[in-house]
Amino acid sequence: MAASVAPVLSTYRLQLRGPGGAVRTFDDVERLLGYFDALGISHLYLSPILTAVAGSGHGYDVTDPTTVADDLGGTEGLARLAAAARTRGMGLIVDIVPNHVGVEVPAQNRWWWDVLRHGASSPFAHYFDIDWDFDAGRIVLPVLDSGQDLAALVCDGDTLALGGLVLPIAPGTGAGTPTEVLARQHYRLVDWRSGACGYRRFLTINSLAALRQEDAEVFAVTHREVARWCTEGLVDGLRIDHLDGLADPVGYLRRLRRLVGPEPWIVVEKNLAAGEALDPVLPVAGTTGYDALRLIGGVFVDPAGQSALTESAAPAAVEPISALRRATAAALHNDMDRVLRAVTAATGSGHARLAEALAALLSRIGVYRCDYTPTEPILAQAIVETAAAEPELATALDAIGAAVADGGDAAIRLQQLCVTVVAGAAEARLFHRDPRLVSLNEFGGEPGRFGCTVAEFHAWSGTRVRHHPHAMTTLSTHDTLRGEDVRARIAVLSQLADRWSEAMRSWQERLPCPDPATGLFLWQNIFGIWPADGPVTATLRHRLHAYTRKAIREAGRHTSWHDPDTVFEQAVADWLDAVFDGPIAQELTDLAGIAEPHARSDALAQKLLALTVPGVPDVYQGSEFWEDSLTDPDNRRPVDFAARRAALSALRHPKMRIVHTALQLRWDRPKTFLRGDYRPVWAAGPAAEHVVAFRRGDDVLVAVARWTVRLGQTGWGTTELILPEGQWSDRLTGRSWSGGTAAAELFAELPGVLLERADDMIVGQQGHRRACGWSNTATAQHRDDAGHGPSTLRGDPEDRNRQRPDSLAF
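- In the nomenclature of an unreviewed UniProt entry, the protein chain corresponds to Malto-oligosyltrehalose synthase from the organism [Mycobacterium] kokjensenii.

Written out as structure tokens, the structure reads:
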């Protein structure tokens with residue numbers, strides 16, 4: 001296999017196993033390689049490809065970590081795809097799931113099946129993080145809808161069957177009635193709503209059982225196939241799902257790095273709190289980019305709207321995040337009990353208020369884990385603060401502190417519980433309750449921070465270029481709660497805060513939601529994807545109904561997944577239909593029409609930033625076009641690649657134009673983007689605050705416009721950007737400037753410019769990968785045949801949108 005693959009310059013995330021459409025298998029991906037090649041992608045980034053539960057829509061419910069999924073094309077299909085990609089100088093990145101496996105269908109997971117049949121004596125018993133002390137050595141399985149379900153239990157040969165659930169019978173225990181047989185098994189069946197569970201899970205999802213990667217055998221077996229991919233040159237990098245759920249994340253990554261060698265690019269899914277640094281000892285390129293998402297989107301939030309939106313959201317009375325954490329912890333009876341037993345075993349303390357003390361302590365920890373080097377002081381500080389605030393818990397807190405001091409089982413259990421509590425309180429509760437500006441309610445985000453300043457953005461970028469220059473940068477993922485363009489539309493409300501607040505008061509009076517707080521939250525989400533130019537389709541109606549049901553259950557105010565209130569849910573559904581069918585629909589359309597040009601301006605500008613700030617940009621599938629996705633599974637809908645291929649050939653679509661041009665510039669100037677430094681550039685003049693600009697290395701300068709609602713009222717005036725010495729050409733438009741340049745001229749066509757030094761431009765490009773030395777003649781010829789040489793790269797002047805930005809017609 002050819003080895004002429006580029007370093008990771010960019011990625012394109014593909015969700016395999018989707019609900020239909022163009023990409024379900026490796027062969028489907030191979031048929032699209034020409035498009036990704038022409039777009040300028042260096043590496044395809046695949047969702048999990050190991051064998052998963054039959055019919056899985058995402059692949060994170062792996063049932064056999066030792067095999068590539070047959071339904072994707074198996075080992076042979078992966079090899080063909082890798083070889084085809086390499087003929088174009090492209091590579092593959094694969095998402096792997098070390099924390100858990102899928103156990104929803106026990107018969108499909110041979111390890112789990114064997115443990116259920118043989119209990120602790122199974123050779124696979126130590127593979128899973130099972131709580132053998134919880135029920136006298138039996139595994140508690142939360143699989144019943146109610147206790148009445150057991151009446152339908154039947155024996156079928158050497159299995160027990162309950163509806164569609166099939167479970168193994170231990171050897172020699174199959175005589176008697178189904179109830180008698182069940183009583184002899186190594187497992188006990190309980191109501192899934194009870195909170196009881198005999199094994200550690202992925203967060204609170206019962207169908208995903210955690211693996212013990214800290215065990216050398218488990219690590220070796222579950223990573224044998226991954227190691228083969230790297231050894232044989234099939235993949236060039238790995239994305240590590242849910243790193244923080246592991247018992248020893250640092251140790252795991254060190255073992256992984258030793259296994260795959262120094263070359264593969266590794267990024268980890270990790271939510272960093274604002275101000276939290278990634279542990280520098282981790283042998284990885286960085287995170288998957290939730291931190292970048294917060295900062296890039298944050299600079300487009302106008303602080304002028306904070307007061308009005310805060311006042312408008314006041315009736316929702318959202319609980320402080322600390323209170324949500326405490327309530328979340330208290331509700332996790334099973335997980336709490338396991339930590340408390342570890343504390344008692346370590347200290348001999350049976351303090352009556354241990355559970356209360358643990359919940360109070362967890363309420364003061366705002367990071368997913370506090371056992372990384374940068375976050376270690378947080379736990380001690382939280383203990384001190386909790387004891388000061390609630391002195392009656394001091395003795396119990398002393399016991400907890402003593403138990404975790406040696407880093408043993410109590411410490412590990414506490415950290416894993418912390419992940420579940422912080423995620424449950426923020427991603428589930430807060431992010432589905434806080435209605436102030438819901439575009440802030442996102443992975444890596446903190447709704448209490450109203451966007452970010454340009455100074456914070458530059459500081460983060462400078463830190464990243466020094467410490468993790470090859471971390472991933474993203475705006476949309478398969479997990480984000482709203483797509484990037486939806487967040488951009490909602491963020492415009494910070495520029496229209498008074499108008500939005502007035503609309504809210506009117507709509508709430510004329511069409512009150514069954515719960516006012518729920519209504520305040522839902523209105524912004526409805527606005528985020530409401531069409532600006534006409535009718536609401538049946539598909540959009542269905543999507544918003546599905547989103548609303550999920551959002552109000554996640555919020556947990558009046559209904560939940562554990563205890564759904566169907567009467568409340570129907571009332572909210574009826575209210576949503578009244579929004580669709582009543583007079584407010586036209587008012588929503590009118591307001592969406594006002595916001596749309598500003599939303600598109602911000603969407604283009606933030607896309608340009610994401611493609612050029614320090615890091616490796618990921619383009620989530622389909623996001624090279626306008627997109628209106630909400631949370632999963634909405635954000636995993638099929639992508640129309642035929643339309644995108646046509647748009648790439650024409651290069652008229654403004655978002656496609658920015659994505660393609662920026663990716664090509666990364667190919668042309670890899671040193672600039674892989675190793676170049678980062679320096680802020682400042683505008684001068686009355687509208688200087690409307691510009692965000694920086695240099696990459698000495699040969700690329702990026703500038704974008706923001707807060708265009710106010711800008712439309714004041715204009716640029718004499719605002720200008722002082723360009724560094726030399727002539728600078730915009731790769732997006734072909735126009736050139738030098739010295740002090742008027743902002744009105746820079747942003748006359750698009751809300752961003754991508755400038756490169758004209759005196760050292762790469763001229764006569766014939767296949768950018770060949771110019772960089774990472775391709776062969778076939779690759780260069782393909783590029784030329786596809787019609788994406790120098791003329792198309794800069795765009796035919798006759799094809800450009802010639803309207804000026806005061807109309808914001810991007």
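Now that the structure is up, let's keep going.
**So, the pattern of salt bridges**
In step 1: This model, assessed by the stated rule, comprises 61 salt bridges.
In step 2: Among the ionic pairs, Arg86 bridges to Asp236, the shortest N-O distance being 2.7 Å. Of this pair, Arg86 sits in helix H3 (residues 74–86) while Asp236 is found in the loop between helix H7 (224–231) and strand E14 (237–240), placing the two residues 150 residues apart along the sequence. The pair Arg86 / Asp236 is uniform in exposure class, with both members buried.
In step 3: Notably, a salt bridge pairs Arg326 with Glu390, separated by 2.7 Å at the nearest N-O pair. One end of the pair, Arg326, is in helix H11 (residues 321–331); the other, Glu390, is in the loop between helix H14 (376–389) and helix H15 (394–404), and 64 residues separate them in sequence.
In step 4: Owing to a relative accessible area of 26%, Arg326 belongs among the partly exposed residues under this scheme.
In step 5: Look at Glu390 and you get buried, because its relative accessible area is 14%.
In step 6: One network of salt bridges, with partners in common, ties together Asp129, Asp131, Arg200, Asp337, Arg338, Arg341, Asp409 and Arg413.

**Quick look at the environment of Val140**
In step 1: Within the secondary structure, Val140 is located in strand E7 (residues 139–144).
In step 2: Note: C-alpha distance between Val140 and Arg258 (118 residues apart in sequence) is 36 Å.
In step 3: The contact partners of Val140, leaving out residues within four places of it in the chain, are Phe134, Asp135, Arg188, Val190, Ala196, Cys197, Gly198 and Tyr199.

**With respect to the packing of aromatic side chains**
In step 1: Inspection of the entire model under this criterion finds 20 aromatic pairs.
In step 2: Taking 5.8 Å as the distance between ring centres and 15 degrees as the angle between the ring planes, the aromatic pair formed by Trp530 and Phe580 counts as stacked. Of this pair, Trp530 sits in the loop between helix H20 (516–529) and helix H21 (538–555) while Phe580 sits in helix H22 (residues 566–581), and the two are 50 residues apart along the sequence.
In step 3: Residue Trp530 is classed as buried on the basis of its relative accessible area of 0%.
In step 4: Among the aromatic residues, ring-to-ring pairing joins Trp500, Trp507, Trp523, Phe527 and Trp575 into one connected group.

Reading guide: rules and limits
- Residues numbered from 1 in each chain as written.
- Predicted model: local features only at pLDDT ≥ 70, side-chain atom pairs only at ≥ 80, totals over all residues.
- Heavy atoms only, no water.
- Salt bridge = Lys/Arg side-chain N within 4 Å of Asp/Glu carboxyl O.
- Helix = DSSP H or I, 4+ residues; strand = E, 2+ residues; numbered from the N terminus.
- Buried < 20%, exposed > 50% of the residue type's maximum accessible area, 1.4 Å probe, protein only.
- Contact = heavy atoms within 4.5 Å.
- Phe/Tyr/Trp six-rings, centres within 6.5 Å; stacked < 30°, edge-to-face > 60°.

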